[in-house]
Amino acid sequence: MFTMPSLQSVFLFLAVVGGALVLLQGLAPLLGMGDHGADGHDVGALHHDAANGATASPLGAFNFRSVRAIAAGVAFTGIGGLLALRRFDGFTSLALALLLGGAIYVFVAFVMRAFTRLEADHSVHPLSAVGQQAVVSLPIPSREVGPGKVRLVVAGRHVEWPAVQAESALPGSTIDAGTPVQVVDAADDTTLTVVPISHVS
């Protein structure tokens, strides 16, 4: 005759299955499955979301489809339930387990989204900005003084990068914040070379 599994058995099952999924996710890069972005999602998907305004919503800060987030939530629901059963009745233990699992799920979903955003930012090379227009966000002093910063959109991503003036700029000149500029080169892997739009022939 079929009998309902005990609550302890259910929690143990969730802890084992969730923990195994978390472990597999951690081993994925070692098994040659790390060619995509964080949590197995291609960072190009984030570019697509940004270009279509998907991240404008406050919920855009969370990656609710993250396998790591789901696995962690399941695992901690089980672990929390097993610990709670030592001191509380079944109903209270279930409530505490769901609360802990849900909190861990939301936290990991937020962290995974942040990692994906960071990886997407690093996937955009400054050379891809050459020829595009930008706006100065931090005044750009003369080249010998150091860089300022500019804001622009590259591959659907709003980015802010250090920028220096072109070698043809007048000594001692400064490009003020809010000035539209054009990217003419990438001084290195992290710094753009820009000229004011009015100087572009």
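So, here is what we can say about the structure in this document. (Residues numbered from 1 in each chain as written. Predicted model: local features only at pLDDT ≥ 70, side-chain atom pairs only at ≥ 80, totals over all residues. Heavy atoms only, no water.)

## Regarding the overall build of the chain
Part 1 of the argument: Across its full length, the chain carries 4 helices and 5 strands.
Part 2 of the argument: Order of helices (α) and strands (β) in the chain, N terminus to C terminus: α-α-α-α-β-β-β-β-β.
Part 3 of the argument: By residue count, 33% of the 201 residues in the chain fall in the buried class.
Part 4 of the argument: Expressed as a percentage of contacts within the chain between residues at least 6 apart in sequence, the contacts between residues at least 24 apart total 64%.
Part 5 of the argument: Just so you have it, the chain exposes about 11,900 Å², and 65% of that area is on carbon and sulfur atoms. (Helix = DSSP H or I, 4+ residues; strand = E, 2+ residues; numbered from the N terminus. Buried < 20%, exposed > 50% of the residue type's maximum accessible area, 1.4 Å probe, protein only. Contact = heavy atoms within 4.5 Å. Areas by Shrake-Rupley, 256 points an atom, 1.4 Å probe, with all protein chains shown as cover.)

## What to know about the pairing of strand 2 (residues 148-154)
Part 1 of the argument: On strand 2, burial follows the alternation: Gly148, Val150, Leu152 and Val154 on one face are buried, whereas Lys149, Arg151 and Val153 on the facing-out side are not.
Part 2 of the argument: Across 3 bridges, the pairing between strand 1 (residues 133-138) and strand 2 is antiparallel. Residue Val136 lies in a different strand from strand 2, and its bridge partner there is Val150.
Part 3 of the argument: Inspection of the sheet shows strand 2 paired to strand 3 (residues 157-165) by 7 bridges, in the antiparallel sense. The partner of Leu152 across the bridge, within strand 3, is Val159.
Part 4 of the argument: Counted between consecutive antiparallel strands, the loop separating strand 2 from strand 3 contains 2 residues, among which Ala155 sits at a positive phi close to 55°. (Pairing = 2+ DSSP bridges.)

## What about the nonpolar core?
Part 1 of the argument: Grouped together as the largest cluster of nonpolar side chains are 15 residues, with contacts concentrated most on Val150, Leu152, Leu192 and Val194.
Part 2 of the argument: Sorting the residues of this core by element identifies strand 1, strand 2, strand 3, strand 4 (180-186) and strand 5 (192-196) as the ones contributing at least two each.
Part 3 of the argument: In contact with Val194, other than residues within four places in its own chain, are Ile140, Ala163, Val164, Gln165, Ala166, Ile175, Val181, Gln182, Val183 and Val184.
Part 4 of the argument: One finds Ala69, Val108, Ala109 and Met112 within the second-largest nonpolar core, a separate group that totals 6 residues. (Core = buried A, V, L, I, M, F, W, Y, C linked by side-chain atoms within 4.5 Å.)

## Remarks on helix 1 (residues 7-27)
Part 1 of the argument: The end-to-end C-alpha separation of helix 1 is 30 Å, in line with the 30 Å expected for 21 residues at 1.5 Å each.
Part 2 of the argument: Among the residues of helix 1, Phe11, Ala15, Gly18 and Gln25 are the ones counted as buried. Around the axis of helix 1, the buried residues are gathered within 100° of arc, so they sit on the same side. Seen from the buried face of helix 1, the exposed residues on the opposite side, beyond 90 degrees, are Phe13, Val16, Leu23 and Leu24. (Expected span 1.5 Å × (residues − 1). Arc of directions from axis to C-beta.)

## Examining the sheet that holds strand 5
Part 1 of the argument: With mixed pairing, the 5 strands of this closed barrel are ordered in space as 1-2-3-5-4. In this sheet, neighbouring strand axes are inclined to one another by 55° on average, regardless of whether the strands run parallel or antiparallel. (Axes fitted to C-alpha atoms, helices over the stretch in contact; angles between N-to-C directions.)

## Details of the packing of helix 1 against helix 3 (residues 67-84)
Part 1 of the argument: In the contact formed by helix 1 and helix 3, the axes pass within 7 Å of each other and the chain directions differ by 145°. Of the two elements, helix 1 crosses helix 3, and the hand of that crossing is left-handed. For the pair formed by helix 1 and helix 3, the contact residues are Gln8, Phe11, Leu12, Leu14, Ala15, Gly18, Gly19, Leu21, Val22 and Gln25 on the first element and Val67, Arg68, Ala71, Ala72, Val74, Ala75, Thr77, Gly78, Ile79, Gly81 and Leu82 on the second. (Left-handed = near helix turned anticlockwise from the far one by under 90°.)

## Comments concerning helix 3
Part 1 of the argument: Compared with an ideal rise of 1.5 Å per residue, which puts 18 residues at 26 Å, helix 3 spans 25 Å between its outermost C-alpha atoms and is within 8% of the ideal.
Part 2 of the argument: For helix 3, the full list of buried residues reads Ala69, Ala71, Ala72, Gly73, Ala75, Thr77, Gly78, Gly80, Gly81 and Ala84.

## Topic: the environment of Val22
Part 1 of the argument: Within the secondary structure, Val22 is located in helix 1.
Part 2 of the argument: In the structure, Val22 is positioned 51 residues away from Gly73 in sequence and 9.9 Å away in space, judged by C-alpha atoms.

## Regarding the side chain of Ser93
Part 1 of the argument: Mapped onto the secondary structure, Ser93 falls in helix 4 (residues 90-123).
Part 2 of the argument: Look past the residues within four positions of Ser93 in its chain and what remains in contact with it is Phe11, Gly81, Ala84, Leu85 and Phe88.

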